[in-house]
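# Notes for the structure review
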Amino acid sequence: MPPTKTGISIPETGKTHEEILAQLAQMRHSDVKWKDGRVWSLVYYVDEEHLALMNQAFKMYFSENMLNPYAWDSLRHMEKEIKLMAGDLLNGDNETVGVITSGGTESIFQAVYTYREWARKHKPQARQPEIVVPISIHPAFEKAAHILGLKIKQLPTGDDLRAQPELIRKNITSNTILLAASAPSYPNGVLDPIEEIAEIATEHGLPFHVDACVGGYMLPWVERLGNSIPPWDFRVKGVTSISADLHKFGYAAKGCSTLLYRSMDYMKYQFFIATDFPGGIYASATFQGSRSGGPIAAAWAALNALGKDGYLRIAKEIMEGTNRLKEEIGAIPELKILGEPIMNIISYTTQSSRPDIFVIADYMEEKGWMVDRQQFPNSIHLTVMRHHIQAIDTYMQDLRDAIQYAKDHPKATAKGNAALYGLMARIPFRGMVKTNVRKLFEEMYSNPAGNYKSSDEEEGEVNSANPADNSPAWAGPLNRILIGLGRLFGRK
Ligand SMILES: Cc1ncc(COP(=O)(O)O)c(C=O)c1O
């Protein structure tokens, strides 16, 4: 191969399709075996039949582009049906409107953008517009605020890990333009007090977004199974919009979420229209420009193929598995489940932080489980899906062994990923965490043929949406001292 500046170039001659497919299969070989239930997040799987349907539907519309919504009647029709079905599921009415986006992050970004535009007209006194959220809300809000130049107030949750309505009330100022909360939160699967927050939003004439990215297509079925779920959707008067991901518990292909508004009164601020482009008038409803028809066709296929009875049946199986896991984890004296999970998301940690949960996480990883480590408090996250049910017994056996190992080795310290997350969790000044993670990303994305060296300087974050992130220069040395002291006194 001739030398190149980047280290690799497009092959001079193309390979055969067989070769390519064999190579892909080979590369995939070393990936984690998610179908065996080894990954407790990321993939939302029903079964092989459903997966085949998703593949086919996606493939049929692989090339079609929803950039121009007038180009394909079929896709426009599907999109409309999906939004109406979603509105019905979330107890909307004939005023409910919405868009399909590429995922939860885009839905959240669009909602924040829409309310920023709305506030420019309806809250001109908000000179430094800010959004008020619980700390447990998905980071997509912080990201959106960062990109859109808004401030974000991330408020502590209560002992139950839920948003605290009174704290939210106290933090509303003339700059507040939006409240948001989760149904449920990703880390612990707890439902924020949506009705109480909605009341506060109404009192202050503020929009209120409910992030149901993970719960939107699951909670309705959990409720229909007879579980008591406080209202969180459009039944709650002050809720002005909801994000709900079809590529999660809608079991659609990746790249599909719904963002619904109570009415066009809000959504009309979302449309972006450029009139001076020589290529013609350019109008778009979402962040994306070109938009594959694949995710829309697959989502339409998923909703119609599974039907209400299919979703309910799957939810029943999953909730039975979740309850079994909850019981078995709850029965282990060293462990405790965090908060009161409302659906199939569980997080657990050790009682009084002994033994170290990240040593347990390391052991589990050695056994082939992909472990989602969390912080505040240090814990392990499980989103329970259908394909995990077969793996529960093995998981629990490995977990019991892991606890025994951690008890037998009280001096063991967390390694691997745990070292990163564990260390990060112990750093009091968050600006430094960002510096370290940024370095990891710089390394991951740098050109392997180049000479880029990430800087060892500890810098505070610039242009952060969160003023607390801008750590002063003395934070670095002080962090090191605090971490050292923490270790000395056995602080987690
Ligand atoms: C509650 C919640 N909101 C938002 C998101 C972001 O969704 P996505 O990863 O599709 O952008 C997630 C993802 O897990 C989530 O759980």
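These numbers come from a predicted model, not from an experiment.

### Examining the overall build of the protein chain
Assigned secondary structure in the protein chain consists of 15 helices and 13 strands. Evaluated residue by residue, the protein chain yields a buried proportion of 42% over its 492 residues. The long-range share in the protein chain, meaning contacts at least 24 apart out of those at least 6 apart in sequence, stands at 74%.

### A short note on the environment of I131
Following the sequence through the fold, I131 ends up in strand β2 (residues 130-134). Residue classification places I131 among the buried positions, given that 30 C-beta atoms sit within 10 Å. Taking the C-alpha atoms as reference points, I131 and R116, separated by 15 residues in sequence, lie 9.4 Å from one another. Ignoring anything within four residues of it in the chain, the contact list for I131 reads V112, F141, A145, L150, I152, I177, L178 and A180.

### Details of the sheet that holds strand β7 (residues 257-261)
Judged by pairing direction, the sheet is mixed, and its seven strands sit side by side in the order β1-β7-β6-β5-β4-β2-β3 without closing on themselves. The open sheet has two free edges, formed respectively by β1 (97-101) and β3 (151-155), since each of these has just one partner strand. The sheet shows a mean angle of 20° between the axes of neighbouring strands, direction not considered. In the sheet, strand β4 (residues 176-182) pairs with strand β5 (residues 208-211) via four bridges, with the strands oriented parallel. Looking at the pairing, L179 lines up with F208 of β5. Its contacts with the sheet put helix α5 (residues 140-148) on β2, β3 and β4, and the angle it makes with β3 is roughly 155°.

### Here we look at the site of the ligand
Inspection of the region around the ligand gives G103, G104, T105, H138, A140, S182, Y186, D211, C213, V214 and D245 as its neighbouring residues. For the shell around the ligand, a count of residues per class yields four nonpolar, five polar and two charged.

### Description of the packing of helix α4 (residues 104-122) against α5
Geometry of a packed helix pair, given as the angle between the helix axes and the separation of the axes. Their axes nearest at 9 Å, the elements α4 and α5 cross at an angle of 45°. Here α4 lies oblique to α5, going by the angle between them. Every pair of crossing elements has a handedness; the one defined by α4 and α5 is right-handed. Where α4 abuts α5, its residues G104, T105, I108, F109, V112, Y113 and R116 lie against A140, F141, K143, A144, A145 and L148. Looking at the contact of α4 with α5 residue by residue, the classes come out as nine nonpolar, two polar and two charged.

### As for the packing of helix α11 (residues 357-366) against helix α12 (residues 392-408)
Taken N-terminus to C-terminus, the directions of α11 and α12 make an angle of 130°; their axes are 9 Å apart at the nearest point. Judged by the inter-axis angle, α11 sits oblique to α12. In this structure, α11 meets α12 at a crossing whose hand is right-handed. Where α11 approaches α12, its residues V359, I360, Y363 and M364 are matched on the opposing element by D398, L399, A402, I403, Y405 and A406. Residue composition of the contact of α11 with α12, grouped by class: nine nonpolar, no polar and one charged.

### So, the nonpolar core
If you look at the biggest cluster of nonpolar residues, it comprises 116 residues, and the most contacted ones within it are V112, I131, F141, A298 and A299. Per element, the largest residue contribution to this core is 13 residues, and it comes from helix α10 (residues 294-330). The contact partners of A298, leaving out residues within four places of it in the chain, are M54, A57, F58, A252 and A253.

### Considering the sheet that holds strand β10 (residues 335-337)
Taken together, the four strands give an open sheet; going across it, the order is β10-β11-β13-β12, and neighbouring strands pair in antiparallel fashion. In this open sheet, the two strands that pair with only one neighbour each are β10 and β12 (372-374). Between one strand axis and the next, the sheet turns through 35° on average, direction left out of account. Pairing of β12 with strand β13 (residues 379-383) involves three bridges; the strand directions are antiparallel. Bridged to D372 within β13 is H381. Those strands touched by α10 are β10, β11 (345-350) and β13, and its axis lies near 10° from that of β11. Against the sheet, α11 touches β11, β12 and β13, its axis set at about 50° to β13.

### Considering the confidence of the model for the protein chain
Summarising the model, the protein chain shows a mean pLDDT of 90, and 89% of its residues fall at 70 or more. Taken as a whole, residues 458-470 scores under 50 in pLDDT and shows 29 contacts with residues more than four places along the chain or in a different chain.

### What about the pairing of β11?
The buried fraction of β11 is high, at six of six residues. Covered by surrounding structure in β11 are I345, S347 and T349 together with I346, Y348 and T350, the residues of both alternating faces. As paired elements, β10 and β11 share three bridges and run antiparallel to each other. The residue of β11 that forms the bridge with I337 is Y348.

### What about unusual backbone geometry?
That bond from A183 to P184 is cis: its omega, -10°, falls within 30 degrees of zero. Secondary-structure assignment places P184 in the loop between β4 and α7 (194-203). Of note, the amide linkage connecting R354 to P355 takes the cis form, showing an omega dihedral of -10°. Of note, P355 is situated in the loop between β11 and α11.

Conventions we followed
- Residues numbered from 1 in each chain as written.
- Predicted model: local features only at pLDDT ≥ 70, side-chain atom pairs only at ≥ 80, totals over all residues.
- Helix = DSSP H or I, 4+ residues; strand = E, 2+ residues; numbered from the N terminus.
- Buried ≥ 20, exposed ≤ 12 C-beta atoms within 10 Å, placed from the backbone.
- Contact = placed C-beta atoms within 7 Å.
- Pairing = 2+ DSSP bridges.
- Axes fitted to C-alpha atoms, helices over the stretch in contact; angles between N-to-C directions.
- Near = placed C-beta within 6 Å.
- Nonpolar A, V, L, I, M, F, W, Y, C, P; charged D, E, K, R; others polar.
- Parallel < 35°, antiparallel > 145°, perpendicular 65-115°, else oblique.
- Left-handed = near helix turned anticlockwise from the far one by under 90°.
- Core = buried A, V, L, I, M, F, W, Y, C linked by C-beta atoms within 7 Å.
- pLDDT = per-residue confidence, 0-100.

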